[in-house]
Amino acid sequence: MTPQAHSLLWDYLWLAPHILALALVGVLLRREFRRHYPIFCTYLLFAGVEGLCLFALDVSPKVDPVAWWQALWVGTVIEGILKFAVIGELLHRQLRSWPSIAKLGRNLVSGAGVLLVFLAAVAAAFSAHDNAPWYIGSIHVLFQTIYFAAAGLILSLFVLAAWLHIPWERQGYGIAFGAGLVWCEHLAMWALVAGGILRNSPWIDIANMATYHVSVLIWSYYLLTSERKSLPKDDSRHRHDDSYDPPNSGPSSGEPDDHEETLNDWNRELERLIHQ
Amino acid sequence: MNPSTLAVILVVFAITALLYVGYSTVSKKLQTSKDNSRSFQIEPLDVEAFRNLVDPAEREYLRRRLPAPEFREVQRQRLRAMADYVHVAARNAAILVSIAQAALSSSDPRTVETARHLIDNAMLVRRNAFYALFRINVALAWPNSGLAAAPILHGYERLNGSAMLLGRLQNPAVPVRISAM
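As a further point, take the overall build of chain A. Along its length, chain A carries 10 helices and 0 strands. Secondary structure elements of chain A occur, N-terminal to C-terminal, as α-α-α-α-α-α-α-α-α-α. Across the 276 residues of chain A, 34% fall into the buried class. A separation threshold of at least 6 residues defines the contact pool for chain A, and within that pool the share at least 24 residues apart is 75%.

What follows deals with the overall build of chain B. A tally of regular secondary structure across chain B gives 6 helices and 0 strands. Along chain B, helices and strands appear, N-terminal first, in the series α-α-α-α-α-α. For chain B, with 181 residues in total, the buried portion stands at 41%. Here the contacts in chain B between residues at least 6 apart in sequence split such that 73% fall between residues at least 24 apart.

What follows covers the environment of L53 of chain B. All names here are of chain B. Checked against the element boundaries, L53 lands in helix α2 (residues 47-54). What makes L53 partly exposed here is the crowd of 17 C-beta atoms within 10 Å. For the pair L53 and P3, spaced 50 residues apart in the sequence, the C-alpha separation amounts to 54 Å.

What follows is about the confidence of the model for chain B. The predicted coordinates ought not to be read in detail in places where the model reports low pLDDT. All names here are of chain B. Per-residue confidence for chain B gives a mean pLDDT of 76; residues scoring 70 or more make up 72%. Per-element averaging of pLDDT across chain B places helix α6 (residues 150-170) at the bottom with 60 and helix α1 (residues 3-33) at the top with 86. On the interface metric, ipTM, the complex scores 0.77, and its pTM is 0.76.

In this section: the environment of W183 of chain A. Residue and element names in this part refer to chain A. On the secondary structure map, W183 appears in helix α7 (residues 170-194). Distance from W183 to P65, taken between C-alpha atoms, is 26 Å for residues 118 residues apart in sequence. With near-sequence residues (within four places) excluded, W183 lies in contact with Y147, A150, A151 and I154.

Residue and element names in this part refer to chain A. Under the 1.5 Å per step criterion, the end-to-end length of helix α3 (residues 38-59) is 32 Å for 22 residues, consistent within 8% with the ideal 32 Å. Taken residue by residue, α3 has F40, C41, Y43, L44, A47, G48 and G51 as its buried positions. Down the axis of α3, the buried set is contained in an arc of 165°. They therefore lie on one face. The elements touched by buried residues of α3 are α1 (8-29), α2 (33-36), α4 (65-95) and α7.

This part takes up the packing of α3 of chain A against α4 of chain A. The relative placement of two packed helices comes down to the angle between their axes together with the axis-to-axis distance. Residue and element names in this part refer to chain A. Running from N to C, α3 and α4 point in directions that differ by 165°, and their axes come no closer than 9 Å. One element, α3, and the other, α4, form an angle in the roughly antiparallel class. Both α3 and α4 take part in a crossing whose hand is left-handed. Side by side, α3 and α4 meet where I39, F40, T42, Y43, F46, A47, E50, C53, L54, L57 and D58 of the first sit next to W68, A71, L72, G75, I78, E79, L82, K83, A85, V86 and E89 of the second. Its residues assigned to classes, the contact of α3 with α4 comprises 15 nonpolar, 2 polar and 5 charged.

Residue and element names in this part refer to chain A. Here α7 is 25 residues long and its end C-alpha atoms lie 35 Å apart, about the 36 Å a rise of 1.5 Å per residue gives. Among the 25 residues of α7, 24 are classified as buried, and the element is accordingly described as predominantly covered. One or two steps after α7, the chain reaches G196, where phi turns positive at roughly 80°.

A word on unusual backbone geometry. Trans peptide bonds make up the majority, and among non-glycine residues the majority have a negative phi. Its identity is not glycine, yet H165 of chain A carries a phi of approximately 60°, on the positive side. By the secondary structure assignment, H165 of chain A is in the loop between α6 (134-164) and α7.

With that settled, the discussion passes to the packing of α1 of chain A against α3 of chain A. Residue and element names in this part refer to chain A. Two elements in contact, α1 and α3, have axes separated by 9 Å at closest approach and are oriented at 145°. As α1 packs across α3, the resulting crossing turns out to be left-handed. Here α1 contributes W14, L15, H18, A21, L22, L24, V25, L28 and L29 to the contact with α3, which in turn contributes C41, L44, L45, A47, G48, G51, L52 and F55. Per-class residue counts for the contact of α1 with α3 are 14 nonpolar, 3 polar and no charged.

Below, the discussion takes up the nonpolar core. Within soluble globular proteins, side chains that are nonpolar tend to cluster in buried spots. Residues A151, I154, L157, C184 and L187 of chain A together with A14 of chain B are the most contacted members of the largest nonpolar core, which totals 101 residues. Counting the residues that make up this core, at least three belong to each of domain 1 (1-33) and domain 2 (36-170) of chain B. Setting aside its immediate chain neighbours within four residues, L187 of chain A contacts Q144, Y147, F148 and A151 of chain A together with L10 and A14 of chain B.

Mapped onto the elements, V21 of chain B comes out in helix α1. Other than its neighbours up to four places away in sequence, V21 of chain B contacts F158, F177, G180, L181 and C184 of chain A.

What counts and how
- Residues numbered from 1 in each chain as written.
- Chains lettered and ligands numbered in written order.
- Predicted model: local features only at pLDDT ≥ 70, side-chain atom pairs only at ≥ 80, totals over all residues.
- Helix = DSSP H or I, 4+ residues; strand = E, 2+ residues; numbered from the N terminus.
- Buried ≥ 20, exposed ≤ 12 C-beta atoms within 10 Å, placed from the backbone.
- Contact = placed C-beta atoms within 7 Å.
- pLDDT = per-residue confidence, 0-100.
- Expected span 1.5 Å × (residues − 1).
- Arc of directions from axis to C-beta.
- Axes fitted to C-alpha atoms, helices over the stretch in contact; angles between N-to-C directions.
- Parallel < 35°, antiparallel > 145°, perpendicular 65-115°, else oblique.
- Left-handed = near helix turned anticlockwise from the far one by under 90°.
- Nonpolar A, V, L, I, M, F, W, Y, C, P; charged D, E, K, R; others polar.
- Core = buried A, V, L, I, M, F, W, Y, C linked by C-beta atoms within 7 Å.
- Domains from an automatic or database assignment.

This is how it looks when you write it as structure tokens:
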């Protein structure tokens, strides 16, 4: 069964994630979150308003189809800029607490960004010819270009974090996970369209809208629920209790003073090595 | 290039990226559940032996005493041993990040601050280990060249201090030791 444009499922998938996203922004704006991730809040707000406006323009009989495509173009360009700003915000939040690797991380992701933009431009140059008007064919290529760079950059954040074992903040991780999911799926779909393999199929829109819906749910879960704090340890474990039998007692694993002495020995040896 | 081929390449890239993002989420969940037992996976590192390996004076001594072909062979063996040490240091640093990450959610501000410091030092060690391994691999191809592995040692020394402090704050009876006695 092929889904029809403006069927109940279609309308739900178009409207529901945007309404949910706007509700999420409404909740987040009341919280501390907006100060931590202002660009993501702006992105979510813009994407929500844009989605609802495009729906209204689509169903309105007074609106010329060309005007709808023009609105989509403007929205896509602004949203594309916001997507890259969100990635920058995630990178900043991810590295700001770790000065030892901040410069390296920024350089690696910036380098990946330059490479991705170059590859995206090459991919755009080799996309299939489309018989549709230029503003329809070109926007497919624009989608492919934006999502290729955005998905690649999000992937670079995950690879960087895994390689250096950078801890994720729960909220930042949720944003990156949701964005990674939807941008990778969109890239696959728009690559098929721009490559001429899949065109004029309602399944493309259904898949894209459904994935965005899932992403908004992921963002809602990660941004509205908080991480469990570990309970304070039992005082009896904090006390240096002689009756406690350590499970991993090495040759000198008992006394803190002993460790301090060892540490000082190491410090002397290593300082000598470094300055020789 | 054929547009269809390009589209397939991009789809494969997108699916791979998606799988990686999903995999990292699953592994993150699994890692959190076994963080408590990770300190036992730390392999204490003999910094004294490592110091001897990277000592330029030692290298110069060998160069003077040994014939050139023999020196190159010995130096390669030393470099391989050095690489093993660096691998252990990097792996220990990764384990310490996991342990300290769990401590970040502690209600004790001092523990959280120490955990942050430990993570920063551990990541510095991982970064330096990457550079050191690169230089070691270059030196393996050209054993006569000099090699400075001091940054990794310096980072490891700071890591040792932070790990012991965090271990002491969390549980004074069970210290975290990353250097052999």
